[in-house]
Amino acid sequence: MDKAKKIALYAVIIFVAYTIIHSPARSAELVQIGFEGISDAAKSVGEFMTQLIN
């Protein structure tokens, strides 16, 4: 099982590297979308906690 995890990890790393090299603009766009999603989620949790306290 440990060997399968290593192979899967290497495959993911190779895929990410290929994607970044092949289309850096699209990769940057996807990273930006991901960070915006994380930011929105954090804001929503903060608003929820604020409303919970009040």
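The coordinates are above.
Residues numbered from 1 in each chain as written. Predicted model: local features only at pLDDT ≥ 70, side-chain atom pairs only at ≥ 80, totals over all residues. Heavy atoms only, no water.

**Observations concerning the overall build of the protein chain**
Argument step 1. For the protein chain, the count of helices and strands is two helices and zero strands.
Argument step 2. For a compact globule of 54 residues, the expected C-alpha radius of gyration is about 10 Å, and the protein chain comes in at 18 Å, more than 25% above that figure.
Argument step 3. Here the protein chain holds 54 residues, and 2% of them are scored as buried.
Argument step 4. Counting only carbon and sulfur atoms, one obtains 72% of the accessible surface of the protein chain, whose full area is about 5,000 Å².
Argument step 5. In the protein chain, which carries 5 positive and 5 negative side-chain charges, the distance between the mean positions of the two groups comes to 16 Å. (Helix = DSSP H or I, 4+ residues; strand = E, 2+ residues; numbered from the N terminus. Rg over C-alpha atoms; globule rule 2.2 N^0.38 Å. Buried < 20%, exposed > 50% of the residue type's maximum accessible area, 1.4 Å probe, protein only. Areas by Shrake-Rupley, 256 points an atom, 1.4 Å probe, with all protein chains shown as cover. Lys, Arg positive; Asp, Glu negative; His and termini not counted. Charge placed at Lys NZ, Arg CZ, Asp CG, Glu CD.)

**Details of the pattern of salt bridges**
Argument step 1. Under the counting rule described, the total for this entry stands at one salt bridge.
Argument step 2. Note that Arg26 and Glu29 form a salt bridge whose closest N and O atoms lie 2.9 Å from each other. Taken as a pair, Arg26 and Glu29 lie in helix α2 (residues 24-53) at a separation of three residues, close to a single helical turn.
Argument step 3. Of the residues examined, Arg26 reaches a relative accessible area of 42% and is grouped as partly exposed. (Salt bridge = Lys/Arg side-chain N within 4 Å of Asp/Glu carboxyl O.)

Keep in mind that these numbers describe shape and distance, not what the molecule does.
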